[in-house]
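# Structural characterization, general
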Amino acid sequence: MRPDQRELLPRSFFDRPATEVAPDLLGCIFWSDSADGRVAVRLVEVEAYMGGIDPASHSFRGETKRNAVMFGPPGHAYVYFTYGMHFCVNFVCSPPGEPTAVLVRAGEVIEGAELAAGRRLSNSRPRDLARGPARLCQALSIDRGEDGIDVCVPGSALGIGPRVTSVDPADISHGPRIGITQAQDRPWRFWLAGDTHVSSYREGKPRRARGKPLASADGRDGTMQR
DNA sequence: TTGATGATTCGCT
DNA sequence: GCGAATCATCAAT
């Protein structure tokens, strides 16, 4: 196996605001290498997160241990864990200190489909292998171990290369991002119009508070174990 | 320390 | 269409 057999996007590609990088990523090839082999996808859906000016961005409220990678140099992978069970991956953009990034939301598996399907717990239909940010991470076997990886140097477990087929700018659509409750008006989600591997839109709604005893009849229900 | 919540997915109605 | 699953993170206590 030759990890360097595909051309890599240069770091300069990512050294721009995420809103500029995002549409240019559509159609590009994103892959992961492991002992089991390579899984590669053609990106069809991404979202831009703009740091300090974007309330929906993890970096909006400053640097923390979790989002530190976003504040570093461009061309690295920012991987985070959410909902107690899922991982999502971003490409860090902009110069160091400017924490913008592009969330990878969906792709079409073009290599290693069998390996990807084996990693999926359920629903391994080809169309759904990498349809959704957490599914895509599962298909590419991305988790905490990949946080901070440099995708612009040969030999990394993760790599990304240029388009192998051209993309007509007219085929790139954009609109509101999915699943967020802040800044829902910013049209920073980009996708390839008509591509069946793009996920479907869901409005982000705050969920009802859980586990609240719903203090009603009995204020002092002393037996509140678990 | 505690408590609320999340850049989601899956299964059931 | 709706809610559960499930836990790391962060703001508030």
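None of these values were measured; they are calculated from a predicted model. Residue numbers run consecutively from 1 along every chain, following the written order of its sequence. Here the convention is simple: chains get letters from A, ligands get numbers from 1, in the order in which they are written. Totals for whole chains, interfaces and linings use all residues, but because this is a predicted model, local features are given only for residues with pLDDT of at least 70 and pairs of side-chain atoms are given and counted only at 80 or more. Based on all heavy atoms of the structure, the side-chain values leave hydrogens and waters out of the count.

What follows covers the overall build of chain A. The helix and strand labels rest on DSSP assignments: H or I over at least four residues marks a helix, E over at least two residues marks a strand, and numbering proceeds from the N terminus. Scanning chain A for helices and strands turns up four helices and eight strands. Starting at the N terminus, the α and β elements of chain A follow one another as α-α-β-β-β-β-β-α-α-β-β-β. Relative accessible area decides the class of each residue, using a 1.4 Å probe on protein chains only: under 20% of the type maximum gives buried, over 50% gives exposed, and in between gives partly exposed. Expressed as a percentage of the 226 residues in chain A, the buried residues total 46%. Contact between two residues is taken to exist if any of their heavy atoms lie within 4.5 Å; hydrogens are not considered. Long-range pairs, those at least 24 residues apart, make up 62% of the contacts in chain A between residues at least 6 apart in sequence. The method behind every accessible area is Shrake-Rupley, applied with a 1.4 Å probe, and residues are considered shielded solely by the protein chains displayed. Accessible area of chain A: about 12000 Å², with a carbon and sulfur share of 51%.

Our next topic: the packing of aromatic side chains. Aromatic pairing here means that ring centres of Phe, Tyr or Trp (its six-membered ring) are within 6.5 Å. Orientation follows from the plane angle: under 30 degrees is stacked, over 60 is edge-to-face, and everything else is tilted. Overall, the coordinates contain five aromatic pairs when judged by the stated rule. An angle of 35 degrees between the planes, with centres 5.7 Å apart, marks the rings of Tyr78 and Tyr80 as tilted. Assigned by exposure class, Tyr78 and Tyr80 land together as buried. Arranged with centres 5.0 Å apart and planes meeting at 50 degrees, the rings of Phe81 and Phe87 form a pair that is tilted. For Phe87, a relative accessible area of 16% puts it in the buried group. Cluster of aromatic residues (ring-pair linked, three or more members): Phe13, Phe14, Phe30 and Phe91. Lying across the ring of Trp191, Arg189 places its NZ or CZ 4.4 Å from the centre. Lysine and arginine charges are scored as sitting over a ring when NZ or CZ, respectively, is within 6 Å of the ring centre and within 35 degrees of the ring normal.

Okay, the environment of Asp185 next. Here Asp185 shows up in the loop between strand E7 (172-175) and strand E8 (189-192). Between the C-alpha atoms of Asp185 and Gly175, which are ten residues apart in sequence, the distance is 8.6 Å.

On to the confidence of the model for chain A. On average, residues of chain A score 91 in pLDDT, and 90% of them are at 70 or above. In predicted models, pLDDT denotes the confidence assigned by the predictor to each residue on a 0 to 100 scale. Here residues 212-226 scores under 50 on pLDDT; set against residues more than four positions off or in separate chains, the count is one contact.

For helix H2 (residues 18-25), every residue scored as buried is listed here: Ala18, Val21, Ala22, Pro23 and Leu25. Positive backbone phi, approximately 95 degrees, marks Gly27, located one or two places after H2.

The next subject is the nonpolar core. Core analysis: the biggest nonpolar cluster contains 46 residues, and Phe14, Leu25, Phe30, Val89, Phe91, Val151 and Ile160 have the highest contact counts within it. Sort the elements by how many residues they give to this core and strand E2 (residues 37-49) lands first, with six residues. The residues contacting Phe91, other than those within four sequence positions of it, are Phe14, Leu25, Phe30, Leu43, His76, Thr100, Ala101, Val102, Val104, Val151 and Ile160. Each nonpolar core is a collection of buried residues, namely Ala, Val, Leu, Ile, Met, Phe, Trp, Tyr and Cys, held together in the definition by side-chain atoms within 4.5 Å.

When a carboxyl oxygen of Asp or Glu lies within 4 Å of a side-chain nitrogen of Lys or Arg, that pair is called a salt bridge. Summed over all chains, the structure comprises 13 salt bridges. Across the pair Arg42 and Asp195 runs a salt bridge, and its minimum N-O distance is 3.5 Å. With a gap of 153 residues between them, Arg42 in strand E2 and Asp195 in the segment after E8 connect regions that are remote in the sequence. A relative accessible area of 18% means that Asp195 is categorised as buried. Of the charged contacts, one joins Asp128 and Arg131 as a salt bridge, the two residues approaching to 3.7 Å between their closest N and O atoms. Each member of the pair, Asp128 as well as Arg131, is classed as buried.

For the rest of this paragraph, the subject is the pairing of E8. Here E8 shows two buried faces, one formed by Arg189 and Trp191 and the other by Phe190 and Leu192. Two strands form a pair only when DSSP identifies at least two bridges running between them. Where E7 lies against E8, four bridges are found, and the strand directions are antiparallel. For Ile172, the partnering residue across the bridge sits in E8 and is Leu192.

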